[in-house]
Amino acid sequence: MLLGVKAPVSQPRIISPDQVKGWFALLFTHATVTGRIDAALMDQHKISFSTVEILCWLLETEPQSVRVLSGELVSVSPTRASRLVQNLIDAGHLQRGADQGDGRVSLISFTESGRHFAETVRRTFEDSVKRYFVDPLDDDDIAAITRIWAKLENAEGPS
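Let me sum up the structure you'll find in this document. Note that the coordinates shown come from a computational prediction; the quantities given were computed from them, not determined experimentally.

Conventions and cut-offs
- Residues numbered from 1 in each chain as written.
- Predicted model: local features only at pLDDT ≥ 70, side-chain atom pairs only at ≥ 80, totals over all residues.
- Heavy atoms only, no water.
- Helix = DSSP H or I, 4+ residues; strand = E, 2+ residues; numbered from the N terminus.
- Buried < 20%, exposed > 50% of the residue type's maximum accessible area, 1.4 Å probe, protein only.
- Contact = heavy atoms within 4.5 Å.
- Areas by Shrake-Rupley, 256 points an atom, 1.4 Å probe, with all protein chains shown as cover.
- Salt bridge = Lys/Arg side-chain N within 4 Å of Asp/Glu carboxyl O.
- Core = buried A, V, L, I, M, F, W, Y, C linked by side-chain atoms within 4.5 Å.
- Patch = residues over 30% accessible without salt bridge, like charges linked within 9 Å, V, L, I, M, F, W, Y side chains within 5 Å.
- Lys, Arg positive; Asp, Glu negative; His and termini not counted.
- Charge placed at Lys NZ, Arg CZ, Asp CG, Glu CD.
- Axes fitted to C-alpha atoms, helices over the stretch in contact; angles between N-to-C directions.
- Left-handed = near helix turned anticlockwise from the far one by under 90°.
- Nonpolar A, V, L, I, M, F, W, Y, C, P; charged D, E, K, R; others polar.

### Some remarks on the overall build of the protein chain
And step 1. Looking only at helices and strands, the protein chain features six helices and three strands.
And step 2. Counting helices and strands in the order they occur from the N terminus, the protein chain gives α-α-β-α-α-β-β-α-α.
And step 3. Here the protein chain holds 159 residues, and 31% of them are scored as buried.
And step 4. Contacts in the protein chain between residues far apart in sequence, at least 24 positions, make up 45% of those at least 6 positions apart.
And step 5. As displayed, the protein chain has an accessible area near 10900 Å², and 56% of this comes from carbon and sulfur atoms.

Put into structure tokens, the structure is as follows:
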């Protein structure tokens, strides 16, 4: 068994048992690390990992339309992004404004208190990533993960 990860008992026919274990190790790692980060964010700020992703993107690209923002997100579908943005507006962290170039488009930006909140959340997020992802690994591990991700990202997808 690889790192305590349990793979299904069935015998794989196309890929090897070690490849099955590798796949489930990837899934287990993702679920474990993001779950720990999500728990820290929920505990300290009462918001989810997905909400933090929106706040972090906006800190880099404000103001932004929800449509463009949702295209950048990894953990959030466009429909869910719209709901999360509305929750952040309702909480007073974000505000809608008109796009000066196209009045049909509304742009999302921070309120003054929302920017402070987002900066605080970002620090918690980065501390959690460091604690649950960076600290347990060494530089070679991080380089290997980055190299592996580049291979998977560039793999041919569906036609």
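Having seen the structure, we can now continue with the description.
### What about unusual backbone geometry?
And step 1. Residues glutamate 62 and proline 63 are joined by a peptide bond in cis, for which omega reads -10°.
And step 2. Within the element layout of this structure, proline 63 appears in the loop between α2 (49-61) and β1 (64-65).
And step 3. A positive phi angle, near 60°, is found at lysine 46, a position not held by glycine.
And step 4. The topology assignment puts lysine 46 in the loop between α1 (17-45) and α2.

### Considerations on the pattern of salt bridges
And step 1. Counted by the stated rule, this structure contains four salt bridges.
And step 2. Between arginine 122 and glutamate 60 there is a salt bridge whose closest N-O contact spans 2.8 Å. On the criterion of sequence distance, the pair formed by arginine 122 in helix α5 (residues 112-134) and glutamate 60 in helix α2 is long-range, its members being 62 residues apart.
And step 3. A relative accessible area of 56% means that glutamate 60 is categorised as exposed.
And step 4. With its nearest N and O atoms 1.9 Å apart, the salt bridge here joins glutamate 62 to arginine 115. Here the residue glutamate 62 occupies a position in the loop between α2 and β1, and arginine 115 occupies one in helix α5, the gap between them amounting to 53 residues.
And step 5. Linked by salt bridges that have partners in common, Glu60, Glu119 and Arg122 make up one network.

### What about the nonpolar core?
And step 1. In this structure, Ile54, Leu55, Val85 and Leu94 are the most contacted members of the largest nonpolar core, which totals 26 residues.
And step 2. Put simply, the parts of the chain that give this core at least two residues each are α1, α2, α3 (66-72), α4 (78-90), β3 (102-110) and α5.
And step 3. It is α2 that provides the largest number of residues to this core, a total of six residues.

### Points about a negative patch on the surface
And step 1. Judged by side-chain charge, Asp138, Asp139, Asp140 and Asp141 come together as a negatively charged surface patch.
And step 2. Counting through the fold element by element, aspartate 141 comes out in helix α6 (residues 139-153).
And step 3. Classification of aspartate 141 by relative accessible area gives partly exposed; the value is 31%.

### What to know about the packing of α1 against α5
And step 1. At a minimum axis separation of 9 Å, α1 and α5 run at an interaxial angle of 145°. Classified by chirality, the crossing of α5 by α1 is right-handed. Across the interface between the two elements, Val33, Arg36, Ile37, Ala40, Leu41, Gln44 and His45 from α1 touch Phe117, Thr120, Val121, Thr124, Phe125, Ser128, Val129, Tyr132 and Phe133 from α5.
And step 2. Across the contact of α1 with α5, the residue classes tally to ten nonpolar, five polar and one charged.

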